[in-house]
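# Inside the fold
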Amino acid sequence: MSGKKLAAILMALCLVAGSAHAAAEYKIKMGYSPGNLAPEDSMEIMYGHIFKQEVEKNSAGRIEVEIYQSDALGSASDTVGAIAMGSVEMGQYEIALWAPYNRDTMLFSLPGMLRDKDEVVAMFNSDWARKNIFDDLEKKANTRVLGGLCKGFRDFTTKGRPLKVPADMMGLSIRVMDSPMYVKMIEALSANPIILAGSEMYTAMKNGVVDGHENAVLSIWQDKTYEVQDHLILDEHVPGILTFVINAQFYNSLAADLRQVVDDANVAAMAASKKVVETLESVLTQKLGESGMQVYVPTAEEKKLWHDTIRPPCEAFLRTQIDGSLIDSYIEALEQHRAGQ
């Protein structure tokens, strides 16, 4: 093939690619924190992979999705702000980052309230949540919540003392995040809350500055907590919730059929992402046991005792931060869900 013919073919291909790219009427920039992982190893990466695939396919190229992992668009809090401002269209971030925009979102992080991942997903994606919290968040922060998933629950770890019931925590020093509600939680267990940055946790546990801490199984594995702690109880006291959000002005600017494409892609991506969490949590819990940690699964009665011990003081604190009638309404909706109504 002559050089001229090859050049002509390459130019034609470039023009085709360029025209296909230009055909996109809308562009969605999506940001999240994880990077350099296979989709099977990260719920965020799996969600992004499936969402992009579904949207571009089902919109016939009218919407292009650009993925920015490893916080390439800025820190998590900065990107959340950019979504609210409209300079970034989408993101996947923990529910705690939305508290500055609407404090009512703190309700989903109330210790001891929710029992398991299915309950978290059901309540977070319920009509009650949309009407009572997310519609207001959309007005205040120009951000629409497409949905949310449980990343797993936070659990307690200790060194030297196994935990089965709340009384086993008495007198221990437990590292917590800088959160008044978490401090109340530890105090309710007759233990001593020690506020430390995440970067200081490992050394503090290794040197005995603290007796234990609380974290999700995935983080316990990634942080190599098993090297400095020997007991883990799966008490599941606080859910970690990943929210999938989109700038509301952008979403509402889409034609009805394209909004449906986005909604359907979110459902498909959430389903795939949920499977990743379930598989990872099971595998990593087993690996923690193989690495030397004694993993205790409390009975239903023991787990309820943990939750009943920590919830009242935490709820009392939360009532000083948000409208108590909202908490009452949430509890009523949760009871109705449990009753199958």
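Structure: see above.
Residues numbered from 1 in each chain as written. Predicted model: local features only at pLDDT ≥ 70, side-chain atom pairs only at ≥ 80, totals over all residues. Heavy atoms only, no water.

### Remarks on the overall build of the chain
Put simply, the test is: A run of DSSP states H or I qualifies as a helix once it reaches four residues; a run of E qualifies as a strand once it reaches two. Both are numbered from the N-terminal end. Exposure is judged per residue with a 1.4 Å probe applied to protein chains only, and the accessible area is read against the type maximum: over 50% gives exposed, under 20% gives buried, and values in between give partly exposed. By definition in these notes, contact holds between two residues if any of their heavy atoms fall within 4.5 Å. Counted as positive: Lys and Arg. Counted as negative: Asp and Glu. His and the chain ends are not counted at all. Where a charge lies is defined by one atom per residue type: Lys uses NZ, Arg uses CZ, Asp uses CG and Glu uses CD.
Assigned secondary structure in the chain consists of 12 helices and 9 strands. Counting the 341 residues in the chain, one finds 48% classified as buried. Within the chain, residue pairs in contact and separated by at least 24 positions form 74% of the contacts whose partners lie at least 6 positions apart. Taking the average location of the 33 positive side-chain charges in the chain and that of its 46 negative ones, the two points are 4 Å from each other.

### Description of the pattern of salt bridges
Spelled out, the test is: By convention in these notes, a salt bridge is any Lys or Arg side-chain nitrogen within 4 Å of a carboxyl oxygen on Asp or Glu.
Counting across every chain of the model gives 19 salt bridges. For Asp308, the salt bridge goes to Lys304, with nearest N and O atoms at 2.6 Å. Placement of the pair is Asp308 and Lys304 together in helix H11 (residues 300–318), with a separation of 4 residues, close to one helical turn. A relative accessible area of 43% means that Asp308 is categorised as partly exposed. Each of the salt bridges in this network shares a partner with another, and the network as a whole consists of Arg311, Glu315, Arg319 and Asp328.

### Some points on the packing of helix H6 (residues 180–188) against H11
Under the convention used in this document: Only the contacting stretch of a helix is used when fitting its axis, a line to C-alpha atoms as for every element, and angles between N-to-C directions run 0 to 180 degrees. A clockwise turn of the near helix away from the far one marks a right-handed crossing, whereas an anticlockwise turn of less than a right angle marks a left-handed crossing. All residues other than Ala, Val, Leu, Ile, Met, Phe, Trp, Tyr, Cys, Pro, Asp, Glu, Lys and Arg, Gly among them, are scored as polar; the first ten of these are nonpolar and the last four charged.
Viewed as axis vectors pointing N to C, H6 and H11 meet at an angle of 145 degrees, and their least axial separation amounts to 8 Å. In this structure, H6 crosses over H11, and the sense of that crossing is right-handed. Residues Pro180, Met181, Lys184, Met185 and Ala188 of H6 pack against Thr309, Ile310, Pro313, Cys314, Phe317 and Leu318 of H11. Of the residues in the contact of H6 with H11, the class split is 9 nonpolar, 1 polar and 1 charged.

### Some words on the environment of Pro193
Positionally, Pro193 belongs in strand E6 (residues 192–195). Residues contacting Pro193, with those up to four places away along its chain left out, are Ile174, Val176, Val183, Ile186 and Glu187.

### Here we look at the nonpolar core
Condition: Residues enter a nonpolar core if they are buried and are Ala, Val, Leu, Ile, Met, Phe, Trp, Tyr or Cys, with the set joined through side-chain atoms within 4.5 Å.
If you look at the biggest cluster of nonpolar residues, it comprises 57 residues, and the most contacted ones within it are Leu107, Phe156 and Met169. Judged by nonpolar contacts, the second largest core, of 32 residues, contains Ile50, Val55, Tyr251 and Ala265.

### What to know about the side chain of Glu302
If you trace the backbone, Glu302 turns up in helix H11. For the buried Glu302, no salt bridge exists, and the shortest N-O distance to an oppositely charged side chain is 6.4 Å, to Lys164. The residues contacting Glu302, other than those within four sequence positions of it, are Lys164, Val165 and Tyr296.

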